[in-house]
Each structure stands twice: as C-alpha cells, then as structure tokens.
Amino acid sequence: MNIPFVDLKSQYQSIKADIDQAIASVVRDTAFVGGKPVNTFAKQYAEAMGVQHCIPVANGTDAIYISLKMAGIGPGDEVITVANSWISTSETISQTGATPVFVDIDDYYTIDVDAIEAKLTSNTKAIIPVHLYGQMADMPSLMELATRHNLMIIEDCAQAHLATFDDKLAGTTGLAGTFSFYPGKNLGAYGDAGCIITNDDSFAEACLRYANHGALVKHQHTIEGINSRLDGIQAAVLSAKLPHLEAWSQGRIDNAARYNELLAPIEQITTPKVRSNCRHVYHLYVVRTPQRDELRTFLSERGIATGIHYPTPLPLLPAYERLGHVEGDFPMASARANEILSLPMFPELTEDAQQYITDAIAEFFS
Ligand SMILES: *Cc1c(COP(=O)(O)O)cnc(C)c1O
C-alpha cells in the first residue's frame, strides 16, 4: 500500500463538477483578482465564523503581518508567541520591526500560558497564540491574562478552521483571527490564500485598506500599503469547498478517534491529548515516541508518508540566532521536537489505510 501524507486528489474527485464550474465561471467573467467571487467568499466565511468582518488576503502569513501592523505593532515593541509553530507566526512579528518573544509549549503543544508572565516587559504589546495541529490554545486563561496586562491577542488559526473552546470558534475571541487557505490546510484553495476575521469595525477597515495599497477606493491612497489581494479563482474554489468544511472536519475527528483506538495497545506510542471543552479538528494527528526517527524510516519503507511539525523549535532556528537562545530555554518544545511524528491525516483516509498504518507501527515495536 502507498499512503500519502495528505490526499488532495481524492477530495477534488469528490466535488469535481462544482470546482470545475467555479473555476470556469471566474475565467468566463475574467474576475481574476478581487471582485465578485472574492466578496462573495468573504461574506460566506464571515457568516460561517459568526463574525462581522472577513478581510480576504493573499495568504496566511500576510494575514498575520497585516493584523500586527494594523494593531499598531512596530519597532521597539515585543510580541509574545509560542516556540513550536511554523515560522510565519514569528517572522511576521520581525517584519513589523518588533521583536518576537518566545514562550515554551504546554502538554497540548500550544503556548504555556503560565510561562507568559515571566516574559512580559513594558514593551510587550500583543500575544499570538497558535491553535496548533487543530487544537486551540487555552484561550480563557489567555484572555484573562491579556485583559489584566492590556495586551492584544491575534489568534493564528491557520491549522484550526472550525476548532472550538467552550463552543467558541477559533479566531473569534481575540482582536483578530488569521487563517491560511494553503492547499493542504483544512480548508484549502488551489494556490495561496488567506484571511483575517474580526468584530472590530475600524480594525477591519484598516486591514482592508492596508492589503489594497492603502486605498479603499481606487486611486484614493490615504496611506502606503501592500498588495495582498485574493485571486478570484481561489475565492471561487473556497466558496465551493466551504459547505463541506463541517463534514470534512468531522471526518478528521472520526479518523483521529480510530487512530486512538488502534494505537491504544501500543504502549510506546503517546496519542494526542485533547483539552476538555475543546473541539480538536486534527489538521495534523501527531503522536510521540522516543524512537521517532527509526519508526519514521520503517514506515517510509512500507509506503507510509509521515511528517514532523516541527523538527526545530522556532527560537533555536538559525534565523533567530540573534536572540541567543539555547535548548534549555524551551525544555518542553525541545524535548517534544525529537519525539513528534505526524501520521497521514485527511478526511478521506480509509479504515483500511489506518489499519495498515497502525499494523506497521505495531510491527515496528514488536
Ligand atoms: C500555514 C501556516 C501559516 C501560514 O500560512 P500561509 O498561507 O502558508 O502563508 C501560519 N501559521 C501556521 C501555524 C501555519 O500552519
């Protein structure tokens, strides 16, 4: 058997007619950038998230950068974020001229809220929690801390479409939620795409203006901005896919439950922990074992693709050498980085495939 890490083909096959028609209509109307398909998707996504505003942008990285910039973050400021994430979360902080301040992870691979206070200074302006792998950070505790210290929260929801904490959707608690619609994400376009959601009217207007060269009306540039527009084709694909997102999320959750069951007898494997009151949407299904590298090779030899998210904690990457961190600064993130393994996870993953994968894991440890 050959099992890919993600399978975008089988999803396309399941909704081929809708996707083909959506793309053809954009081409027919030559609505290539902005315009009707983009406005339609933005409206649909805001409705799906239950928020006032969805600002479509070019990708999930820009969504974070624009949010930080429009929140007023700049040189001299410090922004708290988490040691285990994709580099977009922290490089965007640097792009504004501010300094990323990294905090270790908790047992759920999200920011350790108890470790934040020790990192606050008079320059701290905001916190970017990352709802990693599809599970939300401890937002209630984080909001309490942010309110007490007058800090803004921008939620990185790139991996957490439709995840909830106490029935509240990811991206709807802080000042803004930023999403990526990169093809492999839980809601994926057919190229780069992203958005910002918020209930703050003036912040929403500022983001929309900044993403469109500083002009809300053509040629009326009130400020200098950037070009971070969403393509019509991407928006049309996203509109065609959005009605399926709930069922696809449930498919991931069901597959995670099956993995948990099949892996339960293998004591060398630690399965993901889910917070109470949380809906984990399993962008990634990440297990742990001290024999990670050997297991990964063994699975690869049997046609099973796996991933590591992420092999090095952000502050220990060469890109952050200037911050002078050592492994001991982030004991949890450093320890986990050597043991985590992401197994194939997508809604269309079959029971047979999961049986094959878990049989191979059992064989490795026997
Ligand atoms: C994918 C991702 C991003 C960036 O999104 P792009 O659309 O690729 O720019 C940011 N943060 C996290 C946690 C991600 O997984």
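Up top is the structure these notes are about.
Chemist: It is not clear to me how the pattern of salt bridges should be interpreted in this structure. Could you clarify?
Modeler: When their charged atoms lie close together, side chains carrying opposite charge are able to pair. Enumeration according to the criterion identifies 14 salt bridges in this entry. A salt bridge links Arg 292 to Asp 293, with the nearest nitrogen and oxygen atoms 2.7 Å apart. Judged by its relative accessible area of 6%, Arg 292 is buried. Within this structure, Asp 107, Lys 273 and Arg 336 form a network of salt bridges that share partners.

Chemist: Just checking my understanding: could you explain the site of the ligand for this structure?
Modeler: Taken together, 13 residues lie around the ligand, and Gly 60, Thr 61, Asp 156, Ser 180 and Lys 185 are the ones closest in. Within the contact set of the ligand, an oxygen atom lies 2.8 Å away from a side-chain nitrogen or oxygen of Gln 159. Burial of the ligand by the protein chains amounts to 92% of its free accessible area of 380 Å². Taking a 2 Å distance to the grid points as the criterion, the majority of the atoms of the ligand fall inside the largest pocket.

Chemist: I keep staring at the sheet that holds strand β5 (residues 152-156) and nothing clicks. Help me out?
Modeler: Within a sheet, neighbouring strands are paired by backbone hydrogen bonds and run either parallel or antiparallel to one another. The seven strands lie next to each other as β1-β9-β8-β5-β4-β2-β3, forming an open sheet whose pairing is mixed. Whereas interior strands pair on both sides, the edge strands pair on one side only; in this sheet they are β1 (53-57) and β3 (99-103). On average, each strand axis in the sheet is inclined to that of its neighbour by 25°, with strand direction left out of account. Relative to strand β9 (residues 194-198), β1 runs antiparallel, the two being bridged by five bridges.

Chemist: Can you walk me through the packing of aromatic side chains in this structure?
Modeler: Geometrically, a pair of aromatic rings is defined through the distance of the ring centres and the angle of the planes. Within the structure shown, the criterion is met by 13 aromatic pairs. Where Tyr 12 meets Tyr 190, the ring centres are 6.2 Å apart and the plane angle is 70°; that geometry is what we call edge-to-face. A residue pair is termed long-range when its members are at least 10 positions apart, and Tyr 12 in helix α1 (residues 8-14) and Tyr 190 in the loop between β8 (176-180) and β9 qualify at 178 residues. Note on Tyr 12: relative accessible area 22%, which makes it partly exposed.

Chemist: Got a minute to help me understand unusual backbone geometry in this structure?
Modeler: A negative phi holds for most residues other than glycine; trans holds for most peptide bonds. Following His 309, the chain continues into Tyr 310 via a peptide bond in cis, with omega recorded as 10°. With respect to the secondary-structure elements, Tyr 310 resides in the loop between α10 (292-301) and α11 (331-337). Although it is not a glycine, Thr 30 adopts a positive phi angle of roughly 45°. By the element assignment, Thr 30 lies in the loop between α2 (16-29) and α3 (35-49). Phi at Leu 162 is positive, roughly 70°, even though this residue is not glycine. Under the relative-accessibility criterion, Leu 162 is labelled buried at 12%.

Conventions we followed
- Residues numbered from 1 in each chain as written.
- Predicted model: local features only at pLDDT ≥ 70, side-chain atom pairs only at ≥ 80, totals over all residues.
- Heavy atoms only, no water.
- Salt bridge = Lys/Arg side-chain N within 4 Å of Asp/Glu carboxyl O.
- Buried < 20%, exposed > 50% of the residue type's maximum accessible area, 1.4 Å probe, protein only.
- Near = heavy atom within 4 Å.
- Polar contact = N/O pair within 3.5 Å; in protein donor to acceptor, adjacent residues only side chain to side chain.
- Areas by Shrake-Rupley, 256 points an atom, 1.4 Å probe, with all protein chains shown as cover.
- 1 Å grid on protein atoms, 1.4 Å probe; cavity = no way out; pocket = protein on both sides within 12 Å on 5 of 7 lines; lining within 4 Å.
- Sits in = over half its atoms within 2 Å of the grid points.
- Pairing = 2+ DSSP bridges.
- Helix = DSSP H or I, 4+ residues; strand = E, 2+ residues; numbered from the N terminus.
- Axes fitted to C-alpha atoms, helices over the stretch in contact; angles between N-to-C directions.
- Phe/Tyr/Trp six-rings, centres within 6.5 Å; stacked < 30°, edge-to-face > 60°.

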